[in-house]
Amino acid sequence: MNFYVGCPIWSFKGWVGNFYPEGAKPSEFLREYTRRLTTVEGNTTFYAVPAQKTLEGWIEEMPETFRFCPKVPKAISHEGRLMENLERAREFIDIMSQLGRRLGPMFLQLPPRYSPKLLGDLQAFLAVWPRAVRLAVEVRHLDWFEAPHDESLNELLSEHNMARVTIDTRPIRDLAGDEILAGSVYQSLVEARERKPDVPVVPKRTSDFIFIRYIGHPEIEVNTPHLKAWGDYVSSQLQEEADVYMFCHSPNNLAAPWLASKIYSWVEKQVTLPPLPW
């Protein structure tokens, strides 16, 4: 069992002088990041497949103990049905597999319009996904969280040993309408959950690894009760021999690495873990 903790990005100038050393340059950000955390949610691949030279640079900078979890490109997940983009998916897998041991689970985020009516498309896509490549799936259409679709999705993912992504937006729901969320990727997600009863944040284990996305409040102390509860859950899953990947976000990115450090410290009190590189 391993606990990997990180953020959605590494290239953020706002971390210079606090998370990164004073004077750190963008060309040094990846190296500095991997000296502190153990995984990253590779959101850059959602927008563009990395060029070969870029990929080689990542391989050179990332230690073999680091895990890069690339987000499946939106050209695959958000443009038509999944099976229509199968060849693109195979090409993406081939490219990212060059990371070797550094490649963590890939992350397929389905758009809000992808409802349970498309279950057949999802079944066909997952059936041809290579077993050797771990995959985590996040659904956003709220019908997936209701019976019988909830059970159907869990059974499908369990059949293929794929994780069901748990996303926790509770810490920022009280920020709905706040300027800090305006224009962010979290705004629409919070608004969707506000329009319906809160979707319970009940992790469903469907594979031998766990994939958690925690959207933290920018005021770090507000996160304490949530992080403690997640710490207990992560500890229990590690004790059951699961690998756990947890990614800490925050609306302005500033708090994200500190949230990752805090959750790791909490779990470390309950389970023997190697110290963070940080």
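Small disclaimer: the values here were computed from a predicted structure and weren't measured. (Residues numbered from 1 in each chain as written. Predicted model: local features only at pLDDT ≥ 70, side-chain atom pairs only at ≥ 80, totals over all residues. Heavy atoms only, no water.)

**Student:** Any chance you could explain empty space enclosed by the protein here in plain terms?
**Tutor:** Any space left empty among the atoms is revealed by the rolling of a water-sized probe across them. Evaluation of the coordinates by the stated rule reveals one cavity of 30 Å³ or more. By volume, the largest cavity is sized at about 50 Å³. Ala163, Arg164, Thr166, Pro203, Lys204, Arg205, Thr206, Ser207, Phe209, Ile210, Phe211 and Tyr233 are the residues that line the largest cavity. Residue assignment for the lining of the largest cavity shows that the elements contributing at least two residues are strand S6 (163-164) and strand S8 (209-215). Among the elements that make up the lining of the largest cavity, the one with the highest residue count is S8 (three residues). Grouping the amino acids of the lining of the largest cavity by side-chain chemistry returns six nonpolar, three polar and three charged. (1 Å grid on protein atoms, 1.4 Å probe; cavity = no way out; pocket = protein on both sides within 12 Å on 5 of 7 lines; lining within 4 Å. Points joined across faces, edges and corners; volume = space filled by probe spheres on them. Helix = DSSP H or I, 4+ residues; strand = E, 2+ residues; numbered from the N terminus. Nonpolar A, V, L, I, M, F, W, Y, C, P; charged D, E, K, R; others polar.)

**Student:** Sorry, what's going on with the nonpolar core here?
**Tutor:** One recurring pattern in soluble globular proteins: nonpolar side chains tend to sit buried together. In terms of nonpolar packing, the biggest core is built from 70 residues, with Phe3 and Tyr33 touching the most fellow members. Top element by residues in this core is helix H10 (residues 256-268). It accounts for six residues. With residues near it in sequence (within four places) discarded, Tyr33 still touches Gly6, Cys7, Ile9, Trp10, Trp15, Phe19, Tyr20, Thr39, Val40 and Phe66. (Core = buried A, V, L, I, M, F, W, Y, C linked by side-chain atoms within 4.5 Å. Buried < 20%, exposed > 50% of the residue type's maximum accessible area, 1.4 Å probe, protein only. Contact = heavy atoms within 4.5 Å.)

**Student:** Explain unusual backbone geometry to me, please; I cannot follow it from the model alone.
**Tutor:** Residue Pro148 is reached from Ala147 by a cis peptide bond, and omega for that bond is 0°. In this fold, Pro148 is placed in the loop between strand S5 (135-138) and helix H7 (149-159). Residue Asn161 is not a glycine yet carries a positive backbone phi of 55°. By the secondary structure assignment, Asn161 is in the loop between H7 and S6. Backbone geometry places Glu241, a non-glycine residue, at a positive phi of 70°. Relative to the assigned elements, Glu241 resides in the loop between helix H9 (224-239) and strand S9 (243-249).

**Student:** I keep staring at the state of the cysteines and nothing clicks. Help me out?
**Tutor:** Here, the word disulfide means a covalent bond between the sulfur atoms of two cysteines. Per the counting criterion, the structure on display carries zero disulfides. With no disulfide of its own, Cys69 has Cys7 as its nearest cysteine by sulfur position, at a separation of 13 Å. Among the cysteines around Cys248, which has no disulfide bond, Cys7 carries the closest sulfur, lying 6.7 Å off. (Disulfide = S-S within 2.5 Å.)

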